[in-house]
Amino acid sequence: MKSDLESVQYGGESGRVLIMTAVEAERQAVMRGIGASNLFDVHLAGFGPAAAAARTAAELAKSDYGLVISAGIGGGFVGKADVGSTVIADRIIAADLGSETPDGFLSVDELGFGSSVIMPDPELVQALMDAMQGAGITANRGSILTVTTGTGSAETTAALTARIGDATAEGMEGFGVATAAKLWELPVLEIRTISNAVGPRDRDAWRMKEAFAALETAGTMIRSVFAE
């Protein structure tokens, strides 16, 4: 499929792709999808944005890459991303980076201390979306929220969607991975396959098997779009 996407370019002197997952089960799913290829390195980011930023930076310091991808399972916001579907971020947002005030939450942007948003390259997002939809995969694009505390109540879910109207999925590592990529001036993507609805925590309703199967498929599509 690379020949059909010749206009899509990503950075760095190397065409190699670094993929970061939080845990080993995610890493194995992505690797099964990619198969044998020297173009992709899949490493563990650890749990949460701080570990993800540090470990991604460590990997970027070792080798030359042209693209960084944060990949894993996550929660989907009801009406935006169903269980078993795939979400590609067009914004990666540190959703709880800011301050509580008597009048509500203020983001780090509103406080004037930086930005809580990192923008993936829209051409790369669209290339992957087109490939997935062309293959009959249920895929959505929207904001993927990075949180340090997983959402587990209707109240928090409502507060997030009120602040971020296009919130589509939630994870805990994307902004950390993206921060490291930004320091290296590399494009970044975030991909989440949905295991559960964001809202009141209900482990019995989680569909891990479906999410891991979708993540393996996502690995296959990553290779089809970005392999030489």
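Attention in this report is confined to the structure presented alongside it. (Residues numbered from 1 in each chain as written. Predicted model: local features only at pLDDT ≥ 70, side-chain atom pairs only at ≥ 80, totals over all residues. Heavy atoms only, no water.)

**Looking at the packing of helix α4 (residues 122–134) against helix α7 (residues 208–226)**
Part 1 of the argument: In contact at an axis separation of 10 Å, α4 and α7 are set at 120° when each is read in the N-to-C sense. It follows that α4 is oblique to α7 by the angle criterion. Taken as a pair, α4 and α7 cross one another with a handedness that is right-handed. Between α4 and α7, the residues in contact are Leu124, Ala127, Leu128, Ala131 and Met132 and Ala218, Met221, Ile222, Val225 and Phe226, respectively.
Part 2 of the argument: Split by residue class, the contact of α4 with α7 holds ten nonpolar, no polar and no charged. (Axes fitted to C-alpha atoms, helices over the stretch in contact; angles between N-to-C directions. Helix = DSSP H or I, 4+ residues; strand = E, 2+ residues; numbered from the N terminus. Parallel < 35°, antiparallel > 145°, perpendicular 65-115°, else oblique. Left-handed = near helix turned anticlockwise from the far one by under 90°. Contact = heavy atoms within 4.5 Å. Nonpolar A, V, L, I, M, F, W, Y, C, P; charged D, E, K, R; others polar.)

**Re the packing of helix α2 (residues 49–62) against helix α6 (residues 174–183)**
Part 1 of the argument: Between α2 and α6, the least distance of the axes is 7 Å, while the angle of their chain directions is 35°. Along this stretch, α2 crosses α6, giving a crossing that reads as right-handed. Here Pro49, Ala52, Ala53, Thr56, Ala57 and Leu60 of α2 lie close against α6, whose contacting residues are Gly176, Val177, Ala180 and Ala181.
Part 2 of the argument: Of the residues that constitute the contact of α2 with α6, the class distribution is eight nonpolar, two polar and no charged.

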